[in-house]
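# Overview (structure and organization)
Residue strings, one per chain:
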Amino acid sequence: MNAAFLVFFVVGTIAVASSILVVAMRNPVHSALFLLLTFLCVAILFVVKDAEFVAAVQVLVYAGGIMVLFLFVVMLINVRHLPDDRTLSRFWKGGVGVGLAIFLLLATVVRTGTYHDQNPNKKLLRSTASHRVRKVTNPDGSVTRKRVVRHRTVGNSEAVGMALYQDYLVPFEVASLFLLVAMIGAIVIGKRELSAPEEETSPDFILKRMETEKDVKEAMSA
Amino acid sequence: MTWNDVVFLLPEIIISIGASLLLLAPVVGWRQRETSAKWSMLILLGITALTVIGCSYWVQEIPQSRSLAGMFALDGFAIFFKLIFITAIAMITLLSDDFLRESRYSVWEYYSLLGFALCGMMFMVSGMSLISIYIGLELMSLSSYILAGFFKNEEKSTEAAMKYFVLGAVSSGILLYGISLIYGVCGSLNLLDIGRALSTIITNDALMFGVMLLGAGLCFKMAAVPFHVWTPDVYEGAPTPITAFLSTASKAAAFSIFARIFYLALHDFQLDWSNVLATISALSMVLGNLAAITQDNVKRMLAYSSIAHAGYALLGIISLNSLGLRGVLIYSLVYVFANLGIWATVLMLRRHEYGGERVDDFEGLSRRAPFWAFAMVIFLLSLGGIPPTAGFIGKYFLFAAAIQAGFGWLAILAVLMSAVSMFYYLRLVVAMYLREGREADVAITRPLQIVAATCLIITLLLGIYPTPLINQATESSRWIGARAAIIPHAGR
């Protein structure tokens, strides 16, 4: 048993355990913190697999950005505790069954599958070819230019960057459109309805809105 | 990116810039101008359509430069579908016009989201790599989630959007997982490379599982049984023009990528998936048609009928021959226009919030609007696949393809189920012609008339004289057909 396996075993166990706790906790803040733990464990697993860049992104984007958003929402709507009535409990047996079945399927099928390149050549994976022009003096005294190709081993993030901005440039750009649509959607759903200004300032409208907001708050913190 | 790449992606670039510009219109004080929103959208679609046609003469089928290498193809198949999508979105714009005017929601965002959905569909239909197909699919799906919940003060609309979003997100995850397994086995995301890799791999459990997950994700997007549960609720709850969008353009997009992936990448793997898909197809046809019989709500009825139609379209994919590929093209076109015509007629009946949604609302339509009642009959016959209409041609190709590929039992089942479907389509006809209607008015506006009339002309004309359509489909499917190594008219 080597060190990498040991790390994988320990960190993997923590990751699975904390992800179960994410859904099991009644207090949303605790759930969020366990989610953070899961993200960090997964980041360590990425490092074990030599994917430092993905690990860094995992920490920056998920543990950093997304978690802060989660905590923001949890604290903004002020949910201390989830209601105690277990409304979903009659589904849990089916859920566990399906989950176990998929797990077994994955464990038997995916693990034993034949993959394209089982022993990837790390050097090749991380190398990019660069070339420069060098002046060469020929035996007869003339000077010509010669292209020299150099294979250079590059870091993980450089390889990802190369792939992202050269080979996958267009899908990457479309992903930005995707984010734009997500933003439009958030605004469309989040903004108040388009109503005439005079109506919005009428006392009835304001009262009604306050009532709705109170109801929502009560329902959330119940 | 070279200039050639820019030309290659010009339609997508134009529609995405245009859709972003539509968002800016309220900023310059055009918020209340619904008519200009509609016209801007139509002009944008017109320009995009012209660019698509222009590009088809200009560029090679797969660009060679590195940034696009193997990501996109502008083959006849893609162009055929892109033009269907653009026309369908233009018609949905017309359908939305009055619907939005009555509501107080902002029209500009609505049209902008439709534009982005179109952009996603156009990307995915020319996608030659699983990653570009996926990202286009997601762009389309995300826009449709928002559009389904656009009328956020209506409980049904919000519920529909929520269900659609949660289930759609899960199915996207499944799809991605399948893609990652296929990538792991084949070492490439490019459809042609996958096809090449698969011809050397004999059998592989991980690959099977990957294809299964990919198929499940795609079946969700095209609403085939057993991944159909979201359809009736979402179709019922979404604003009617958006239901029209989901049941036509969005569905045709799912057909197109299903066909592209299975014809180009997985053709050597057919023995393994064709029986699974045949079962899914049979279940969709049976369940969709039988469930539709009991529906009193027209939107739900059409939702179940659209599940059945997904089953028919699958016939063309299972059969994996040139008839089947042409069948998918022809059927998508025929299905989209018959359905859009029906939605236009449903919207004509809209007198109040949910008017035109129940079968009773159609009672006596033949006296209130004889011409449009007749048009509705033609559309329904086309969906049922009765000869003088275009629907017959589509179904003929699909059923013939299934028989040629040795799926005779499936073709017989499909014919039987088409007969069952006529039962509930005729229920609407009976309501329109034989029942006494309440003396309520209908809202037949100009845009609805234009849509219904165009669909009527397409449905009738292509039904009576289908040769141009068949020739076009043959021409359009040639590139994929050559790569999928389909030998025309050869049984299995």
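Above this note sits the structure.
In this text the structure is predicted, and so the values were computed from the model without any measurement.

Before going further, it helps to examine the overall build of chain B. When you go through chain B residue by residue, the secondary structure sums to 22 helices and zero strands. A compact globule built from 492 residues would reach a C-alpha radius of gyration of about 23 Å, and chain B, at 21 Å, matches this within 12%. When its C-alpha atoms are laid out on the principal axes, chain B stretches across 70 × 55 × 40 Å. By residue count, 67% of the 492 residues in chain B fall in the buried class.

Note that side chains of opposite charge can pair when their charged atoms are close. Residue and element names in this part refer to chain B. Tallied over the full model, the rule gives 11 salt bridges over all chains. Linking Asp233 and Arg300 is a salt bridge whose minimum nitrogen-to-oxygen distance equals 3.1 Å. Of this pair, Asp233 sits in helix α10 (residues 230-237) while Arg300 sits in helix α14 (residues 298-319), and the two are 67 residues apart along the sequence. When its relative accessible area of 26% is taken as the criterion, Asp233 is described as partly exposed.

Here helix α2 (residues 10-24) of chain B is 15 residues long and its end C-alpha atoms lie 21 Å apart, about the 21 Å a rise of 1.5 Å per residue gives. Turning to α2 of chain B, its buried residues number three or more, namely Pro11, Glu12, Ile15, Ser16, Gly18, Ala19 and Leu22 of chain B. The buried residues of α2 of chain B all sit within an arc of 160° when viewed along its axis, so they share a single face. On its buried side, α2 of chain B packs onto α7 (169-190) of chain A together with α1 (3-8), α3 (34-58), α4 (76-102) and α5 (107-125) of chain B.

Between chain B and chain A, the contact holds 43 residues from the first and 31 residues from the second. In this structure, the connection of chain B to chain A is made through zero salt bridges. Taken together, the links from chain B to chain A amount to one residue pair in polar contact (both at pLDDT 80 or more). Mapped by element, the contributors of at least two residues to the side of chain B that touches chain A are α2, α5, α6 (130-148), α7 (155-186) and α9 (205-221) of chain B. Considering every element that reaches the side of chain B that touches chain A, the biggest residue donor is α6 of chain B, with eight residues.

Residues and elements named next belong to chain B. Along the chain, Ser306 falls in helix α14. Judged by relative accessible area, which is 1%, Ser306 ranks as buried. Every residue in contact with Ser306, bar those within four places of it in the chain, is listed here: Thr231, Tyr235, Lys251 and Tyr335.

Let's shift gears to the environment of Arg367 of chain B. All names here are of chain B. Considering the arrangement of structural elements, one finds Arg367 in helix α16 (residues 365-368). By relative accessible area, which is 49% here, Arg367 ends up partly exposed. Each C-alpha atom of the pair Arg367 and Tyr433 lies 7.9 Å from the other, and the pair is 66 residues apart in sequence.

Residues and elements named next belong to chain B. Taken as a whole, this structure holds 25 aromatic pairs over all chains when the rule is applied. An angle of 80° between the planes, with centres 6.5 Å apart, marks the rings of Tyr312 and Tyr331 as edge-to-face. Here Tyr312 is found in helix α14, whereas its partner Tyr331 is found in helix α15 (residues 322-348), with 19 residues between them in sequence. Each member of the pair Tyr312 and Tyr331 is classed as buried.

Once that is clear, we can look at the side chain of Ser171 of chain B. Position of Ser171 of chain B relative to the elements: it lies in helix α7. Reaching out from Ser171 of chain B, the side chain makes a polar contact with the backbone oxygen of Gly168 of chain B at a distance of 3.0 Å.

Turning to a nonpolar patch on the surface, a few remarks are in order. Residues and elements named next belong to chain A. Together, Phe5, Leu6, Phe8, Phe9, Val10, Ile14 and Leu37 make up an exposed nonpolar region whose accessible area comes to about 640 Å². At six residues, the largest contribution of residues to the nonpolar patch is made by helix α1 (residues 3-24). Relative to the elements of secondary structure, Phe9 occurs in helix α1. On the basis of relative accessibility, which here comes to 52%, the residue Phe9 falls in the exposed class.

Turning our eyes to something else, we now look at the nonpolar core. The nonpolar side chains of soluble globular proteins are, as a tendency, buried together. Core analysis: the largest hydrophobic core is formed by 209 residues, its most contacted members being Leu266, Leu277, Leu340 and Phe362 of chain B. Considering each element in turn, this core owes the most residues, 19 residues, to α15 of chain B. In terms of nonpolar packing, the next biggest core, distinct from the first, is built from five residues, Val109 and Val110 of chain A together with Leu181 and Phe209 of chain B among them.

What follows covers the packing of α3 of chain B against α4 of chain B. Residues and elements named next belong to chain B. Two elements in contact, α3 and α4, have axes separated by 10 Å at closest approach and are oriented at 175°. The orientation of α3 relative to α4 falls into the category roughly antiparallel. Taking contact as the criterion, the partners of Glu34, Thr35, Lys38, Met41, Leu42, Leu45, Thr48, Ala49, Val52, Ile53 and Ser56 in α3 are, on α4, Ile79, Lys82, Leu83, Ile86, Ile89, Ala90, Thr93, Leu94, Asp97 and Arg101. Its residues assigned to classes, the contact of α3 with α4 shows 12 nonpolar, four polar and five charged.

What follows is about unusual backbone geometry. All names here are of chain B. At the junction of Val225 and Pro226, the peptide bond is cis and its omega measures out at 0° in the coordinates. Structurally, the position occupied by Pro226 is in the loop between α9 and α10. Within the chain, Ala223 stands out as a residue other than glycine whose phi angle is a positive 60°. The topology assignment puts Ala223 in the loop between α9 and α10. We classify Ala223 as buried; its relative accessible area is 1%. Although it is not a glycine, Leu320 sits at a positive phi angle of roughly 50°. Of note, Leu320 is situated in the loop between α14 and α15. The class of Leu320 is buried, set by a relative accessible area of 15%.

Our focus in this paragraph is helix α3 (residues 52-76) of chain A. Residues separated by three or four positions in an α-helix point in the same direction, a consequence of the helix having 3.6 residues per turn. Residue and element names in this part refer to chain A. Its 25 residues place the ends of α3 34 Å apart at the C-alpha level, agreeing with the 36 Å of an ideal helix rising 1.5 Å per residue. Taken as a whole, α3 carries its principal kink of about 30° at Met67. Among all positions in α3, only Ala55, Gln58, Ala63, Met67 and Val74 are buried. Buried positions along α3 lie against α2 (28-48). Directly beyond the C-terminal end of α3, a positive phi value near 55° is found at Asn78.

The rules behind the values
Residues numbered from 1 in each chain as written. Chains lettered and ligands numbered in written order. Predicted model: local features only at pLDDT ≥ 70, side-chain atom pairs only at ≥ 80, totals over all residues. Heavy atoms only, no water. Helix = DSSP H or I, 4+ residues; strand = E, 2+ residues; numbered from the N terminus. Rg over C-alpha atoms; globule rule 2.2 N^0.38 Å. Buried < 20%, exposed > 50% of the residue type's maximum accessible area, 1.4 Å probe, protein only. Salt bridge = Lys/Arg side-chain N within 4 Å of Asp/Glu carboxyl O. Expected span 1.5 Å × (residues − 1). Arc of directions from axis to C-beta. Contact = heavy atoms within 4.5 Å. Polar contact = N/O pair within 3.5 Å; in protein donor to acceptor, adjacent residues only side chain to side chain. Phe/Tyr/Trp six-rings, centres within 6.5 Å; stacked < 30°, edge-to-face > 60°. Patch = residues over 30% accessible without salt bridge, like charges linked within 9 Å, V, L, I, M, F, W, Y side chains within 5 Å. Areas by Shrake-Rupley, 256 points an atom, 1.4 Å probe, with all protein chains shown as cover. Core = buried A, V, L, I, M, F, W, Y, C linked by side-chain atoms within 4.5 Å. Axes fitted to C-alpha atoms, helices over the stretch in contact; angles between N-to-C directions. Parallel < 35°, antiparallel > 145°, perpendicular 65-115°, else oblique. Nonpolar A, V, L, I, M, F, W, Y, C, P; charged D, E, K, R; others polar. Bend = angle between axes of the 7 residues up to and from the residue.

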